[in-house]
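An overview of the molecular structure
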Amino acid sequence: MTTNPLYETFARAPLAFERGEGTWLITTEGDRYLDLAGGIAVNSLGHSHPHLVAALTEQAGKLWHVSNLYQIPGQERLGERLVEASFADKVFFTNSGAEALECAIKTARRYQYVNGHPEKFRIITFEGAFHGRTLATIAAGGQQKYLEGFGPKVEGFDQVAFDDLDAAEKLIGPETAAILLEPVQGEGGVRTFPVSSLKRVRELCDKHGLLLIFDEVQCGIGRTGKLFAHEWSGVTPDIMAIAKGIGGGFPVGACLATDEAAVGMTAGVHGTTFGGNPLAMAVGNAVLDVVLEDGFLEDVSRKALLFKQGLAAVIDEFPDVIEEIRGSGLMLGLKCKVPNTSLVQSLRDQKALSVGAGDNVVRLLPPLTITDDEIRDAIGRIRAAAKSLSNAG
Ligand SMILES: *Cc1c(COP(=O)(O)O)cnc(C)c1O
């Protein structure tokens, strides 16, 4: 056996999948796994969705890449649709969530700069945040385990405790440019900012001339039962990063902004080679075709309720394993009493895939297309996994 040629950065499960069908992943050995991780909220429409396969293969036969030196009709179309469906007026396409956040951070700093405030570049973030793995986004996330050994932390990010708006207000100073948060924290343990906090953070930004940036890379694109999670609050940001679900498995990200917030992003100040290429745009548009269909998002909320009710029964039965259900829509967190890694492993023994998060939480991020029967099947597997870990079992 040759040595592993890959960076050792991932602790991978000993499973290799060969194909996927909807909510199912099939290993090279032919074992079927119920996918409740959804590629970490990426496979929003499951695996091999016929509409996405058709969109990608049709585009693949026509044109892959031209660069942003030329017009890309698919970009204009997806941009128009995102603008139409959101607070935003302008969109910049990227290949990943971290790049969407980089664009969001740069947009906020440039806004202050062109408005005569070059001194305003600092951004306030919240503990438990995750914004990506580039040098600026690990500084924004503020997690020591991701910063260690990578040299001086990129300057300009100040962090307060989760949902501590008093502390955020105190931190606002003459150099503050923006406040950045995930309306529902993903990696941090599926923690939702209360509506009242989002309202207050909007007020703070307006009062102090700051821009409000939402990171909806994980919670956006229908995950919570609205196209964007912040819609539940009625609060809109000035800038928003999305990725994951909008590509349904193809790498697509985007930074959305109001005309006012994007005022500094003029010709030549930012760029990307791959971002918004025709393949990515064909898939992004196809994802929106499905997610924006009449009744699709309402059905996500309905299914989420079914899922939560089933999970509540499992908690009643095994309170020594799971203590709380968190989250919104099909972005669910199981706060564990046992180590979350044990529950992820037991679920895998039941041939169900989940993903760990901070705060000893197991995340369930199934395809939004999961069926009622698959939800009942999932509950059965979660019950069996909890039973195997419980003293009551
Ligand atoms: C995954 C994630 C990112 C980073 O996205 P990448 O595509 O991995 O760069 C940023 N923010 C949130 C909230 C995420 O969940």
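Residues numbered from 1 in each chain as written. Predicted model: local features only at pLDDT ≥ 70, side-chain atom pairs only at ≥ 80, totals over all residues. Heavy atoms only, no water.

When helices and strands are tallied, the protein shows 12 helices and 17 strands. Every one of the 393 residues in the protein was classed for burial, and the buried ones make up 52%. Nonlocal contacts in the protein, meaning residues at least 24 apart in sequence, comprise 73% of its contacts between residues at least 6 apart. By element, 53% of the accessible surface of the protein is carried by carbon and sulfur atoms, the whole surface being about 17,400 Å². Positive and negative side-chain charges in the protein, numbering 37 and 49 respectively, have mean positions lying 2 Å apart. (Helix = DSSP H or I, 4+ residues; strand = E, 2+ residues; numbered from the N terminus. Buried < 20%, exposed > 50% of the residue type's maximum accessible area, 1.4 Å probe, protein only. Contact = heavy atoms within 4.5 Å. Areas by Shrake-Rupley, 256 points an atom, 1.4 Å probe, with all protein chains shown as cover. Lys, Arg positive; Asp, Glu negative; His and termini not counted. Charge placed at Lys NZ, Arg CZ, Asp CG, Glu CD.)

A few words now on the side chain of K120. On the secondary structure map, K120 appears in the loop between α4 (97-114) and β5 (122-126). For the buried K120, no salt bridge is present, and the opposite-charge side chain at shortest range is E119, 4.6 Å distant. (Salt bridge = Lys/Arg side-chain N within 4 Å of Asp/Glu carboxyl O.)

Turning to the sheet that holds strand β2 (residues 24-27), a few remarks are in order. As a general point, the strands of a sheet are linked pairwise by backbone hydrogen bonds and lie either parallel or antiparallel. Sheet architecture is open: four strands sit in the order β1-β2-β3-β15, paired in mixed fashion. Each end of this open sheet is capped by a strand with a single partner; those strands are β1 (17-21) and β15 (352-353). Against the sheet, helix α12 (residues 372-389) contacts β2, β3 (32-35) and β15, and its axis sits at roughly 100° relative to β3. (Pairing = 2+ DSSP bridges. Axes fitted to C-alpha atoms, helices over the stretch in contact; angles between N-to-C directions.)

Attention now moves to the sheet that holds strand β17 (residues 361-364). The sheet built from four strands is open, its strands ordered β13-β14-β17-β16 with antiparallel pairing. The sheet is open, and its two edges are formed by β13 (322-328) and β16 (355-357), each paired on a single side. Between one strand axis and the next, the sheet turns through 30° on average, direction left out of account. Against the sheet, helix α11 (residues 340-349) contacts β13, β14 (331-336), β16 and β17, and its axis sits at roughly 40° relative to β17.

Turning our attention to the site of the ligand. Contacts to the ligand come from S96, G97, A98, F130, H131, G132, E182, D215, V217, Q218 and K244. In this structure, K244 approaches the ligand through a side-chain N or O atom, which is 2.6 Å from an oxygen atom. In isolation the ligand offers 380 Å² of accessible surface; the protein chains occlude 81% of this area. Looking at the shell around the ligand, its residues break down into three nonpolar, five polar and three charged. (Near = heavy atom within 4 Å. Polar contact = N/O pair within 3.5 Å; in protein donor to acceptor, adjacent residues only side chain to side chain. Nonpolar A, V, L, I, M, F, W, Y, C, P; charged D, E, K, R; others polar.)

Take helix α3 (residues 73-84) next. The end-to-end C-alpha separation of α3 is 16 Å, in line with the 16 Å expected for 12 residues at 1.5 Å each. Looking at α3, one finds that the buried residues are Q75, L78, G79, R81 and L82. Projected onto a plane normal to the axis of α3, the buried residues spread over an arc of 165° and lie on a single side. With respect to the buried face of α3, the exposed residues turned more than 90 degrees away are P73, E80 and E84. (Expected span 1.5 Å × (residues − 1). Arc of directions from axis to C-beta.)

Now for the domain arrangement of the protein. When the parts of a complex come together, some accessible area is lost, and that lost area is often used as the size of the interface. Per the domain assignment, the segments making up the protein are domain 1 (17-49 + 295-392) and domain 2 (63-291). The straight-line distance from the C-alpha centre of domain 1 to that of domain 2 is 27 Å. Domain 1 puts 28 residues into the contact, and the matching count from domain 2 is 26 residues. The tally of links between domain 1 and domain 2 comes to one salt bridge. Here E187 and R363 are joined by a salt bridge, their closest N and O atoms 3.3 Å apart. The interface formed by domain 1 and domain 2 contains nine residue pairs in polar contact (both at pLDDT 80 or more). Mapped by element, the contributors of at least two residues to the side of domain 1 that touches domain 2 are α1 (38-41), α10 (296-317), β13, β14 and β17. Of the residues forming the side of domain 1 that touches domain 2, the biggest block, four residues, is contributed by α10. Split into classes, the residues belonging to the side of domain 1 that touches domain 2 amount to 16 nonpolar, nine polar and three charged. (Domains from an automatic or database assignment.)

Our focus in this paragraph is the pairing of β3. Sheet topology places β2 next to β3; three bridges connect them, and they run antiparallel. Bridge pairing in β3 places L25 opposite Y33. With antiparallel pairing between neighbouring strands as the criterion, β2 and β3 make up a hairpin whose turn holds four residues, including G30 at a positive phi of roughly 95°.

The next thing to look at is unusual backbone geometry. Located in the positive-phi region is V190, a residue other than glycine, with phi close to 55°. Secondary-structure assignment places V190 in the loop between β8 (184-185) and β9 (191-192). Residue K351 is not a glycine yet carries a positive backbone phi of 60°. Judged by its relative accessible area of 29%, K351 is partly exposed.

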